[in-house]
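As a plain string of letters, each chain reads:
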Amino acid sequence: MKQCWKKEKPPEIERRIKANDSEYNSQFEYANNHICTSKYNVFTFLPKNLFEQFQRIANAYFICLLILQLIPAISSLTPLTTVIPLVAVLAVSAIKDAVDDIRRHGSDNQVNNRLSTVLRDDKLVHERWHKVVVGDIVRMENNQFVAADMFLLSTSEPNSLCYIETAELDGSTNLKVRQAVPDTSELEEDVEKLGRFDAEFVCEAPNNRLNKFEGKMTWNGNNYSIDNDKILLRGCILRNTKWCYGLVIFAGRDTKLMMNSGKTVFKRTNIDRLMNVLIIGIFIFLLSMCLICTVACGIWETVTGNTFQIYLPWESFIPGSPFKEGTLQEGATVISLLVFFSYIIILNTVVPISLYVSVEIIRLVNSVWINWDMKMYDEKKDTSAKARTTTLNEELGQIEYIFSDKTGTLTQNIMTFNKCTINGKAYGEPLDEYGNAISEKNRVDFSSNPYSEKKFEFYDARLLNEIKSGNVPTQEFFRLLALCHTIMPEVKDGNLEYQAQSPDEAALVSAARNFGFVFKSRTPTTITIEVNGETQMYDLLCILDFNNVRKRMSVIVRRNGKIQLLCKGADSVVYERLDPSCEDMKQYTLGHLNEFAQDGLRTLCCAYKDISDEVWRSWQPKYLEASCAMDNRDEKLDALYEEIEANLMLIGASAIEDKLQDGVPETIANLVMAGIKIWVLTGDKQETAINIGYSCHLLTDEMEEIFIIDGETFEEVERQMGDALDQIKSIQMENMKMDQKDVHFSNGGVPGMDQDVSITPDEQNGQFALIMNGHSLAYALKPEQEGLLLDLGSRCKAVICCRVTPLQKALVVDLIKANRKSITLAIGDGANDVSMIKTAHIGVGISGQEGLQAVLASDYAICQFRFLERLLLVHGRWSYLRMCKFLKYFFYKNFAFTICHFWFAFFCGFSAQTLFDPYFISLYNVIYTSLPVLALGVFDQDVDDHYSIRFPKLYTPGLLNLLFNKKVFLWSALEGFISSIILFFIPYGAFTGAIDPEGKELADQQSLGSVVASILVVAVNIRCALDTAYWTGFNHFVIWGSIIFYFCFILAMYASVFNYEYQGVAFSVFSSANFWMCLLLTNVVLIVPIIAYRFYATNVHPTLADRVRMKQRMTKSMSRSRDFNIRRASTMRRSTRSLRSGYAFAHQEGFGELITSGVNMRARADEMKDKSHVELTKVTRFNVSGASHSDPSDSSLNVSYSKQKDAVIYSERL
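Procedures and definitions
- Sequence order as written defines the numbering, with residues in each chain counted from 1.
- Thresholds applied to this predicted model are a pLDDT of at least 70 for local features of residues and 80 or more for the giving and counting of side-chain atom pairs; totals over whole chains, interfaces and linings are not thresholded and use all residues.
- Side-chain measures were taken over the full set of non-hydrogen atoms in the model, leaving aside hydrogen atoms and water.
- Helix and strand definitions here come from DSSP, where helices need a minimum of 4 consecutive H or I residues and strands a minimum of 2 consecutive E residues; each element is numbered from the N-terminal end.
- For the exposure calls, accessible area comes from a 1.4 Å probe over protein chains only, and a residue counts as buried if that area is under 20% of its type's maximum, exposed if over 50%, partly exposed in between.
- Throughout, a residue-residue contact means that at least one pair of heavy atoms, one from each residue, lies within 4.5 Å.
- Here the open area of atoms and residues is found with the Shrake-Rupley method and a 1.4 Å probe, where only the protein chains shown may cover a residue.
- Axes here refer to lines fitted to C-alpha atoms; in helices the fit is confined to the stretch in contact. Angles between the N-to-C directions go from 0 to 180 degrees.
- If an angle is under 35 degrees, it is roughly parallel; if it is over 145, roughly antiparallel; if it lies from 65 to 115, roughly perpendicular; otherwise it is oblique.
- We call a crossing left-handed when the near helix sits turned anticlockwise from the far one by less than a right angle, and right-handed when that turn is clockwise.
- Under the grouping applied here, Gly and all other residues not named as nonpolar or charged are polar, the nonpolar ones being Ala, Val, Leu, Ile, Met, Phe, Trp, Tyr, Cys and Pro and the charged ones Asp, Glu, Lys and Arg.
- In this description, strands pair whenever DSSP reports at least two bridges between them.
- Any Lys or Arg side-chain nitrogen found within 4 Å of a carboxyl oxygen on Asp or Glu counts as a salt bridge.
- Under the pairing criterion, centres of Phe, Tyr and Trp rings, with the six-membered ring standing for Trp, must be within 6.5 Å; the plane angle then separates stacked pairs below 30 degrees from edge-to-face pairs above 60, leaving the rest tilted.
- The predictor rates its confidence in each residue with pLDDT, a number between 0 and 100.
- Note on patches: the residues involved have over 30% relative accessible area and no salt bridge, like charges join within 9 Å, and the nonpolar side chains Val, Leu, Ile, Met, Phe, Trp and Tyr join within 5 Å.
- Under this rule, positive means Lys or Arg and negative means Asp or Glu; His and the chain ends count for nothing.
- For the purpose of locating charges, the reference atoms are NZ of Lys, CZ of Arg, CG of Asp and CD of Glu.
- Side-chain atoms within 4.5 Å link the members of a nonpolar core, which is a set of buried Ala, Val, Leu, Ile, Met, Phe, Trp, Tyr and Cys residues.

Trainee: Account for the overall build of the chain, naming residues and giving values.
Mentor: Helix and strand counts for the chain come out as 39 helices and 38 strands. A buried classification covers 58% of the 1214 residues belonging to the chain. Intrachain contacts of the chain at a sequence separation of at least 6 include 75% that bridge at least 24 residues. With the model as given, the accessible surface of the chain reaches about 50,600 Å², and the carbon-plus-sulfur share is 56%.

Spelled out as structure tokens, the structure:
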């Protein structure tokens, strides 16, 4: 097997290849087709994993502590107390990492061992993928994955066409066309000819550009240009092509797919990173206490301790002892230095190793809760949510930025024909024959149509009745839909199927089919449809193809001597070309279009024009001449299209629903309300992304501005972003003058947490959206502009980046991750999302239609985007809340426990004598106080899941990192410090001079230690009970059981049967009234102030969590509790722009020419998920010079278009 750590050769300048010449190609040491996405192998696992684990400063700290414990002169504790838990923690983490990496190895092996058919020694043989090398000729068959980046040689299809699906690369499920060089296509599948193929190739070096390839082929003395249309990329799937042959150009890690895949990184949570800082601070505090004890020890030994050498002789190696010469000061100095290290060992329990054991257990159990959550179970796929890592759960409660793919993540790749308007009359709503609304939806029965589709749903029977009654406008509408398109029909298993260039076209032609206008077949010059059983053939005279500027397509057809132009397109462009006689129809249709837009539907206007023979005969020669022109061909054709597409007659408009995944709009709305910013990074076109943005409520009417950055040059992009940023700042300055209501957060009223969280101007006035194209993003991501992009994007509530590559997705995520103190989450479902999933703090993979690459690279796997809401707002928030409570309580109880040793040092001559029984020190964090805090970290919840989702603002404390930070830690440490004073000095005062009923003195060291230990166990467990918001039977059992177990264990351990040095101490202490009064008094002093403060804070300054928790209790206790909502008056200016969408921009220019040329008459499949243009009004444009201008005559349909690539900023005029 190829080693993952093999040193890479220097970067290539260009690549040279000879076909079928492995000896020549091997000299360049090109990568073979083996891939390695795993992190470790057998030899690197131990050192690499230990290196990663020791990035945790705590682990390094415990190693140093272990070394000190190995020195007998300074250690009073056995090294096993550190060795065993440290090895256990390292082993558990290593095993978990090994299991994760074994899965990656399994995935790699599955891919590397796929079979391919390779030409070797003039024979086709089966080879594993990892044995394929550069220069090999590979045969691929239909529905097979492409093994490597290949140059297409020949195919089974006419004109050497080849169809591929690129979902693994760009997330798009539409089919793309590739075509071989005509000369190589003559090789066909002749093995002898292919074996003699000896062309030489010179091409670009390996890179990550998916949409570009440059190279040339030299064969038989001729040079051939090679571009992206002749290349098949690894990860593509061959579709509707029986077979094809390709020559390997790039293999393995050099393929464009792998070049776009990010590296697997070691992820740590924000709390882990904070803990590293806190450990340093705690260690400094520990050194300070040890230093105090060291200085005090030196003074005490010099003044007093040396006089007791007859009872407590110094060690033989101490200067000044009877066994070694030296001065008193020298001896005291040596003793104090040894005491310094002794106190480091004794006081190390401020950060015990059990902290990390407990953290791992809590994370593991919280991961199990995610896996077991039936509300995130998808019945259709029989798959539940899965936490693929156990180390990032609390990070789910702190997400500020979500980076999402679109196709397959937000959408289902399903288009449906929902409504239409014909001749000024709207259809689609369930109405009776008199136009009254019907509450019950009944599907229209299409069973009388033999070509109807069972999955087609329509609920307005009036439309079908109009067709059956011979209504001419209705019939013309569906006839237009059946004729005006570029779909290819195909018969599979006796069923008529359509292979569409865009899913919009498929939905429209499917609707026409179900209403009785069935598209049957086509040739380069004819279109055949069947209307209610009658076959009708039309001559196809011309296709006026679609492009992004025209926003429409037309066909010119002839039947029975009558020539008609049929047009469909965006309403803005169709309306401009309508005949004046359509004015009334325009107004009716416009009203319906606005209604459809409010429903989030994609609209499309349909119109026709009768053309006389004279007009056609004069126009056709000009068209043929323009289509063959070598200069300005597109401009000449556009002018002719404008000429013929004038004075159209409006028929109506269609309304298509681009189906989102279930619950996407609600999920996004709730996440945005929680304060999370959502960026959509998609490979789709700008107009499609805008449509989806509105459909899923990512873009809303309340937004102040929507900025579009589409500059073609570095300077233009910089100017556009600068203008947009200036406008945002000016609006924010204006709105900052308005009164703002503060929202208050705290955590259970803990002092230091009841701080006001004022909504910042960015949050209050951040109703902005940014839309950026991929080519503009490339400039914006350069070091000179990334700061500007960061500032602009962070001020926007939604950002949509279109036409981005997988690597650009990762760069955008990394930009936010590196420059903002924010937690990022990336979610996607395809291989093109892997790089950003790996780059983000948390990666979520969706089990979709595009394979499992995203899931395999992710930290969490879900089946639907809507489950992300529950993953974050419920499990993420609970995990964060539990971890924060756990850490605050853990530090409190350990500071209270450890610093008691420090106070006792002042009464034992700073001799490093421990206050507590060594067994108590060992068991305090393992048994006496471990289970209650684990139960707190595993079960606790402030409000239930229903209210967590209903009130998304509850998520904000985690987003702002309020529940555990340096300030909270300092407060917990201070509370523990104060508690240690109370715990030590109240028992010390109570037992000083105290005697038992028999007259014996109680104030010995062992008795005092037992008293303080007993009060400590009771106090910290009661405090844990106070911190618990959600009680289960297990909580009761472990909290009260820990206290009972302690007393029982101490009585048994200190009994005479074990002959332990503390024998009889427990019975003596527990039989004393002093102890019980001291226990009561100390706990009252410790607990009552906390209860009083929390009562005050909850009733006088309640947090949102307190209010919701009270509502939850009232709802449970009273059947008719009064509902309430927490609202803030809106200060947003509402927009009046139209949400109406336009034509299906997924459609690609040039497909009409491909049809009329006749080279693709065989059926093609295309399931592209895309969406059409959104028409927005009130347009302000900023040109490159920065001057703004607008047309005061703007109407609801007036949209400016600039050929100078101006930055179009959609705004609302006050």
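This is not the end of the story, as more comes after the structure.
Trainee: Describe in detail helix H29 (residues 918–928), supporting the description with residues and values.
Mentor: Along H29, the positions that sit buried rather than exposed are Phe920, Ile921, Leu923, Tyr924, Asn925 and Tyr928. On its buried face, H29 sits against helix H11 (354–372), helix H28 (867–905), helix H30 (930–939), helix H34 (1005–1027) and helix H35 (1033–1053).

Trainee: Give a detailed account of the packing of H34 against helix H37 (residues 1073–1100), specifying residues and quantitative values.
Mentor: For the pair H34 and H37, interaxial distance at closest approach is 10 Å and the crossing angle is 25 degrees. The angle between H34 and H37 places the two elements in the roughly parallel class. Of the two elements, H34 crosses H37, and the hand of that crossing is right-handed. Contacts from Val1011, Ser1014, Ile1015, Val1018, Ala1019, Ile1022, Arg1023, Leu1026 and Asp1027 of H34 reach H37 at Phe1075, Cys1078, Leu1079, Thr1082, Asn1083, Leu1086, Ile1087, Ile1090, Ile1091 and Arg1094. Partitioning the contact of H34 with H37 into residue classes produces 13 nonpolar, three polar and three charged.

Trainee: Let's hear about the sheet that holds strand S4 (residues 137–141): which residues, and what values?
Mentor: The strands making up a sheet associate through hydrogen bonds between their backbones, and the pairing can be parallel or antiparallel. One open sheet accounts for six strands, arranged S3-S2-S4-S13-S5-S11; its pairing is antiparallel. Two strands in the sheet have a free side with no partner beyond their single neighbour: strand S3 (123–128) and strand S11 (231–232).

Trainee: Now, about the sheet that holds strand S10 (residues 222–226): what can you tell me, with residues and values included?
Mentor: Reading across the sheet, the four strands line up as S1-S8-S9-S10 and stay open at both edges, with antiparallel pairing between neighbours. The open sheet is flanked by strand S1 (14–18) and S10, the only strands paired with a single partner. Taking each pair of neighbouring strands and ignoring which way they run, the sheet shows an average axis angle of 15 degrees.

Trainee: So, the pattern of salt bridges: which residues are in play, and what are the values?
Mentor: Inspection of the entire model under this criterion finds 44 salt bridges. The partner of Arg15 in a salt bridge is Asp254, and the shortest N-O contact between them spans 3.0 Å. Linking Arg15 in strand S1 with Asp254 in the loop between strand S13 (243–250) and helix H8 (256–259), this pair joins segments that are 239 residues apart in sequence. The residues Arg15 and Asp254 share a single accessibility class, namely buried. Between Glu453 and Arg513 there is a salt bridge whose closest N-O contact spans 3.8 Å. Of the two residues, Glu453 sits in the loop between strand S17 (425–427) and helix H12 (461–468) while Arg513 sits in helix H14 (residues 503–514), which places them 60 residues apart along the sequence. The pair formed by Glu453 and Arg513 is uniform in burial state, with each residue classed as buried. Residues joined in a network through salt bridges with shared partners are Arg552, Glu576, Arg577, Glu642 and Glu645.

Trainee: Describe the packing of aromatic side chains, naming the residues involved and giving the relevant values.
Mentor: Under the defined criterion, the tally for this structure stands at 65 aromatic pairs. Ring centres of Phe456 and Phe515 lie 6.1 Å apart, and the angle between their planes is 85 degrees; on these two criteria the pair is classed as edge-to-face. One end of the pair, Phe456, is in the loop between S17 and H12; the other, Phe515, is in the loop between H14 and strand S20 (517–522), with 59 residues separating them in the sequence. Judged by relative accessible area, Phe515 falls into the buried class, the value being 2%. Among the aromatic residues, those joined into a ring-pair cluster are Phe897, Phe916, Phe920, Tyr924, Tyr928, Phe1045, Tyr1046, Phe1047, Phe1049, Phe1070, Phe1075 and Trp1076.

Trainee: Describe the confidence of the model for the chain, listing the residues and the values that go with them.
Mentor: In the predicted model, the chain carries a mean pLDDT of 81, and 84% of its residues have values of at least 70. Note on residues 1119–1145: pLDDT is under 50 here. Beyond four places in sequence and across chains, it has 106 contacts.

Trainee: Account for the pairing of strand S32 (residues 798–802), naming residues and giving values.
Mentor: Among the five residues that make up S32, five are buried, leaving the element largely enclosed by the rest of the structure. Burial along S32 is two-sided: the face carrying Ala798, Ile800 and Cys802 and the face carrying Val799 and Cys801 are both buried. Note: strand S31 (residues 768–773) against S32, five bridges, orientation parallel. Bridged to Ala769 within S32 is Ala798.

Trainee: Please give an account of the environment of Asn773 that cites residues and values.
Mentor: Inspection of the secondary structure assignment puts Asn773 in strand S31. Using a relative accessible area of 10% as the deciding quantity, one classes Asn773 as buried. Between the C-alpha atom of Asn773 and that of Gln686, which follows or precedes it by 87 residues, the distance is 6.9 Å. Ignoring sequence-local partners within four residues, the contact set of Asn773 consists of Gln686, Ile709, Asp710 and Cys802.

Trainee: Explain the environment of Ile862 residue by residue, including any values.
Mentor: Secondary-structure assignment places Ile862 in strand S35 (residues 860–862). Taking the C-alpha atoms as reference points, Ile862 and Asp378, separated by 484 residues in sequence, lie 8.7 Å from one another. With sequence-adjacent residues up to four places away left out, Ile862 is seen in contact with Ala385, Ile827, Val844, Gly845, Ile846, Ser847, Phe867 and Leu868.

Trainee: Go over the packing of helix H19 (residues 664–673) against H28 with me, naming the residues and quoting the values.
Mentor: It is at 9 Å that the axes of H19 and H28 come closest, and there the two elements cross at 25 degrees. Accordingly, the angle class assigned to the pair H19 and H28 is roughly parallel. Here H19 and H28 pass one another in a crossing that is left-handed. When H19 is examined against H28, the residues Glu666, Thr667, Asn670 and Leu671 are found in contact with a partner set consisting of Leu868, Glu869, Leu872 and Leu873.

Trainee: Run through the side chain of Thr1082, naming residues and quoting values.
Mentor: The residue Thr1082 is located in helix H37 in this model. Judged by its relative accessible area of 0%, Thr1082 falls in the buried class. Thr1082 has contacts with Ile982, Leu983, Ile986, Pro987 and Ile1015, leaving out every residue within four places of it along the chain.

Trainee: Describe unusual backbone geometry, naming the residues involved and giving the relevant values.
Mentor: One non-glycine residue, Glu29, lies in positive phi territory at about 55 degrees. Note on placement: Glu29 falls in the loop between helix H1 (22–26) and helix H2 (45–53). Here the phi dihedral of Asn961 falls at roughly 60 degrees; this positive angle occurs in a residue that is not glycine. With respect to the helices, strands and loops of the structure, Asn961 is situated in the loop between helix H32 (956–959) and helix H33 (966–991).

Trainee: Just give me the short version of a negative patch on the surface, but keep the residues and values in it.
Mentor: A grouping of Asp121, Asp122, Asp183, Glu186, Glu188, Asp190 and Glu192 is seen on the molecular surface, where their side chains present a negatively charged patch. With respect to the helices and strands, the residue Glu192 is situated in helix H7 (residues 191–196).

Trainee: Account for the nonpolar core, naming residues and giving values.
Mentor: Counting residues in hydrophobic clusters, the biggest one holds 114 residues, and the most contacted among them are Tyr343, Leu355, Leu887, Phe916 and Phe920. With 19 residues, H28 is the single largest residue contributor to this core. What Phe916 contacts, discounting residues up to four positions off in sequence, is Phe897, Cys900, His901, Ile921, Gly1009, Val1012, Ala1013, Leu1016 and Tyr1062. The next biggest cluster of nonpolar side chains, apart from the first, holds 52 residues, and it includes Tyr30, Trp129, Tyr224 and Met258.

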